[in-house]
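One-letter residues, chain by chain:
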Amino acid sequence: VREVLTVADGRLHVGEESFELAKLGRIIVVGCGKAGAGMAAGVEEALGPKLAESKQLIGWVNVPADCVRTLTHIHLHGARPAGRNEPTAEGIAGSEHILQLVSTAAPDDLVICLISGGGSALLPAPIEGVTLADKQAVTRFLSAAGANITELNTVRKALSRIKGGGLARACRAKRLIALIISDVLGDPLDVIASGPTVP
């Protein structure tokens, strides 16, 4: 994160994108994944305390419970117990908070989405008519049947309001940048964490 997120000469550089700070509203950070805590800390370090304050930095990232620690502006939410790779009620609560946060963004805000391995199970938001128990049963069934990550995440996207581009569709800011650490061979962006920012 520190390699791709820098501040210089009144501009925020995120990878190949560059934003004039004076024209940016708030900076909102959301995300999910096993590397979420480190990525969120990297964002806070890269922005620094003065810029974080002036841009009202706020954030929410769903991480495994053993990754939770206190950051200054970004909340790390324990969305599942360590080592349990399936959706939980805590994960649903965190996902609802993320959807609410991006849906209240103003057009001139910048949303930064942090995504890493394990993100799919950490970001459950079942579609209407599907319960948490349903999602857990489907996940267990497919895993036991030998489904690979692409197959598993294809089903997860179909049962979710946030995966398969759902987070991007909910976002009201004109700009959403995703920083993604891949744990999938070939780095298919729609498969990593079931692609919350990728249709």
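I will try to describe carefully the structure that is included in this document. (Residues numbered from 1 in each chain as written. Predicted model: local features only at pLDDT ≥ 70, side-chain atom pairs only at ≥ 80, totals over all residues. Heavy atoms only, no water.)

## Re the overall build of the protein chain
Then, in step 1: The helix and strand tally for the protein chain stands at six helices and eight strands.
Then, in step 2: Listing the helices and strands of the protein chain from first to last along the sequence gives β-β-β-β-α-β-β-α-β-α-α-α-α-β.
Then, in step 3: In terms of overall size, the protein chain behaves like a compact globule, its C-alpha atoms giving a radius of gyration of 16 Å where 199 residues would be expected to give roughly 16 Å.
Then, in step 4: Taken over the C-alpha atoms alone, the protein chain extends approximately 55 × 30 × 30 Å along its principal axes.
Then, in step 5: Counting across all 199 residues of the protein chain, residues that qualify as buried make up 51%.
Then, in step 6: Within the protein chain, counting contacts between residues at least 6 apart in sequence, those at least 24 apart form 74% of the total.
Then, in step 7: Of the roughly 9,100 Å² that the protein chain leaves accessible, carbon and sulfur atoms contribute 54%. (Helix = DSSP H or I, 4+ residues; strand = E, 2+ residues; numbered from the N terminus. Rg over C-alpha atoms; globule rule 2.2 N^0.38 Å. Buried < 20%, exposed > 50% of the residue type's maximum accessible area, 1.4 Å probe, protein only. Contact = heavy atoms within 4.5 Å. Areas by Shrake-Rupley, 256 points an atom, 1.4 Å probe, with all protein chains shown as cover.)

## Description of the sheet that holds strand β7 (residues 110-115)
Then, in step 1: Here five strands make up an open sheet; going across it, the order is β6-β5-β4-β7-β8 and the pairing parallel. Edge positions in the sheet fall to β6 (74-80) and β8 (175-180), since each of these pairs with one other strand and no more. In this sheet, adjacent strand axes meet at a mean angle of 20° when their direction is disregarded.
Then, in step 2: Relative to strand β5 (residues 58-64), strand β4 (residues 27-32) runs parallel, the two being bridged by five bridges. By the bridge assignment, I28 is partnered in β5 with I58.
Then, in step 3: Along the sheet, helix α1 (residues 36-54) contacts β4, β5, β6, β7 and β8; its crossing angle with β6, the most-contacted strand, is approximately 175°.
Then, in step 4: Against the sheet, helix α2 (residues 89-103) touches β4, β5, β6 and β7, its axis set at about 155° to β5. (Pairing = 2+ DSSP bridges. Axes fitted to C-alpha atoms, helices over the stretch in contact; angles between N-to-C directions.)

## Structural notes on the side chain of S116
Then, in step 1: Here S116 is to be found in the loop between β7 and α3 (119-122).
Then, in step 2: On the accessibility criterion, S116 (1% relative accessible area) is buried.
Then, in step 3: Engagement of the side chain of S116 in a polar contact is seen with the backbone nitrogen of K34, the distance being 3.3 Å.
Then, in step 4: If we ignore the near neighbours within four places in the chain, the residues touching S116 are C32, G33, K34, A35, G36, M39, I181 and A193. (Polar contact = N/O pair within 3.5 Å; in protein donor to acceptor, adjacent residues only side chain to side chain.)

## What about the pattern of salt bridges?
Then, in step 1: Counted by the stated rule, this structure contains six salt bridges.
Then, in step 2: One salt bridge connects E45 with R2, and the closest N-O pair in it is separated by 3.4 Å. Here E45 is found in helix α1, whereas its partner R2 is found in the segment before β1 (5-8), with 43 residues between them in sequence.
Then, in step 3: Among the ionic pairs, R26 bridges to D109, the shortest N-O distance being 3.2 Å. Taken as a pair, R26 in the loop between β3 (17-20) and β4 and D109 in the loop between α2 and β7 lie far apart in primary sequence, 83 residues in all. With respect to class, R26 is no different from D109; both count as buried. (Salt bridge = Lys/Arg side-chain N within 4 Å of Asp/Glu carboxyl O.)

## Structural notes on α1
Then, in step 1: In this model α1 runs just 23 Å from its N-terminal to its C-terminal C-alpha over 19 residues, more than 12% under the 27 Å that 1.5 Å per residue would give.
Then, in step 2: Two residues or fewer after α1 comes Q56, characterised by a positive phi angle close to 50°. (Expected span 1.5 Å × (residues − 1).)

## Considerations on the sheet that holds β3
Hydrogen bonding along the main chain pairs the strands of a sheet, whether they run parallel or antiparallel.
Then, in step 1: Pairing is antiparallel in the open sheet, where three strands are placed in the order β1-β2-β3. The sheet is open, and its two borders are formed by β1 and β3, each paired with just one other strand. Neighbour to neighbour, the strand axes of the sheet diverge by 20° on average, direction disregarded.
Then, in step 2: Here β1 runs beside strand β2 (residues 11-14); their pairing, made up of four bridges, is antiparallel.

## Focus on empty space enclosed by the protein
Then, in step 1: Per the counting criterion, the structure on display carries one cavity of 30 Å³ or more.
Then, in step 2: The computed volume of the largest cavity comes to approximately 40 Å³.
Then, in step 3: Every residue along the wall of the largest cavity is listed here: K135, V138, T139, L142, L152, V155, R156 and L159.
Then, in step 4: Contributions of two or more residues to the lining of the largest cavity are made by α4 (132-144) and α5 (149-158). (1 Å grid on protein atoms, 1.4 Å probe; cavity = no way out; pocket = protein on both sides within 12 Å on 5 of 7 lines; lining within 4 Å. Points joined across faces, edges and corners; volume = space filled by probe spheres on them.)

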